[in-house]
Amino acid sequence: MAVFKLALVQLAVGAQKAVNLANARAKVIEAAQAGAQLVVLPECFNSPYGTQYFGDYAEEINTENMSESILALSSMARDSQVYLVGGSIPERDHNTQQLFNTCTVWSPQGTLLAKHRKMHLFDIDFPGKIVFKESEVLSAGNSITQFTTPWGKFGVAICYDIRFPELAMIAARQGCIGMLYPGAFNMTTGPLHWELLLRARAVDNQIFAAVCSPARDETASYHAWGHSTIVDPHARVVATTDENPSIVYADLDTELLDSVRRSVPIYSQRRFDVYPDVAAKK
């Protein structure tokens, strides 16, 4: 049995990168002082969310010559002694100059454990409500991302990635105990699907799942839904919040995964003789 404390930092994000980084550091330290061992920041935690901003706020991700946000993430993980899922930042590839929406994961020693480039770009059109096309400026990542902690492995994906169940299915069948999603749903998709998708990913795979949003800023061009949430392998909401800046905490017991899977043993009941296993190596 292993119990650990997860924290989701629902951060107020504005136009000043240095202020965003300082606020993130303060909240990660606050979470660590409250006992959190694994901390998650929101999507685009260092910049406003919008295609018009990505280029201006983009940084290269290079651990040998750290940019402003990368140095800040490494330092806050090391100084807080936590595993840190660093939300996401706009990334500029050094070789191609392509832009990506990228999450970095850091150890308590401040070393880079993983990097996930958002695989599924947020291109939607709700007539009369919202049109958004990340693909106008961003390129899509091509890798599935996981990292290891003392409590087990976790999968990482970003926002719109949550709509594609294959990532969580693969992670769970490869031994992950949870999926962590920095995200920024809006006032149209948030009420419709935010909690539903998170609970679906959890119950389909009998894993923990969490999604971390920026706080809502009514003066910004993009209004985030907020409501950062943690669910357990029964798909029960164990911790959540509203749209305001806050930190969401939950103590998670890995023994619950074994209990759930003994009660409803879908891992031994799947019919891969009838349908394919998406986690099978090709």
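Residues numbered from 1 in each chain as written. Predicted model: local features only at pLDDT ≥ 70, side-chain atom pairs only at ≥ 80, totals over all residues. Heavy atoms only, no water.

A. Representation of the packing of aromatic side chains in the model. Applying the stated criterion across every chain, the model contains 14 aromatic pairs. Counting every residue linked through ring pairs, the aromatic cluster contains Tyr-49, Phe-54, Phe-122, Phe-132, Tyr-160, Phe-164 and Tyr-222. Sitting above the plane of the Phe-100 ring, Arg-117 keeps its charged end 3.8 Å from the centroid. Above the face of the Tyr-267 ring, Arg-270 is positioned so that its terminal group lies 4.7 Å from the ring centre. (Phe/Tyr/Trp six-rings, centres within 6.5 Å; stacked < 30°, edge-to-face > 60°. Lys NZ or Arg CZ within 6 Å of the ring centre and 35° of its normal.)

B. Examining the nonpolar core more closely. Grouped together as the largest cluster of nonpolar side chains are 46 residues, with contacts concentrated most on Leu-6, Leu-38, Val-85, Phe-147, Leu-180 and Ile-230. Once you skip the residues sitting within four places of it in the chain, Leu-6 turns out to touch Leu-38, Val-40, Leu-180, Ala-210, Ile-230, Val-248, Tyr-249, Ala-250 and Leu-252. Core analysis: the next-biggest nonpolar cluster, separate from the first, contains 23 residues, Val-9, Val-13, Val-39 and Ala-72 among them. (Core = buried A, V, L, I, M, F, W, Y, C linked by side-chain atoms within 4.5 Å. Buried < 20%, exposed > 50% of the residue type's maximum accessible area, 1.4 Å probe, protein only. Contact = heavy atoms within 4.5 Å.)

C. Inspection of unusual backbone geometry at higher detail. In the Ramachandran plot, Gln-97 falls in the positive-phi region, its phi being about 65° despite a non-glycine side chain. When you line up the elements, Gln-97 lands in the loop between strand E4 (89-92) and strand E5 (99-106). Using a relative accessible area of 44% as the deciding quantity, one classes Gln-97 as partly exposed. With a phi angle near 60°, His-227 is a residue other than glycine that sits in the positive phi range. For His-227, the location among the structural elements is in the loop between strand E12 (208-212) and strand E13 (229-231). (Helix = DSSP H or I, 4+ residues; strand = E, 2+ residues; numbered from the N terminus.)

D. Summary view of the side chain of Asp-232. Looking at the secondary structure, you find Asp-232 in the loop between E13 and strand E14 (237-239). Polar contacts involving the side chain of Asp-232 include one to the main-chain amide nitrogen of His-234, which spans 2.8 Å. Every residue in contact with Asp-232, bar those within four places of it in the chain, is listed here: Ala-202, Ile-207, Phe-208, Val-238 and Leu-256. (Polar contact = N/O pair within 3.5 Å; in protein donor to acceptor, adjacent residues only side chain to side chain.)

E. Up close: the pattern of salt bridges. Here the structure, examined in full by the defined rule, presents 16 salt bridges. A salt bridge links Glu-30 to Lys-27; its shortest N-O distance comes to 3.3 Å. Note that Glu-30 and Lys-27 are positioned in helix H1 (residues 17-33) at a spacing of 3 residues, about one turn of the helix. Taking the relative accessible area as the measure of exposure, Lys-27 reaches 33% and is therefore partly exposed. Linked through salt bridges whose partners overlap, the residues forming this network are Glu-91, Asp-93, Lys-115 and Arg-117. (Salt bridge = Lys/Arg side-chain N within 4 Å of Asp/Glu carboxyl O.)

Don't take any of this as a statement about function, it's just geometry.
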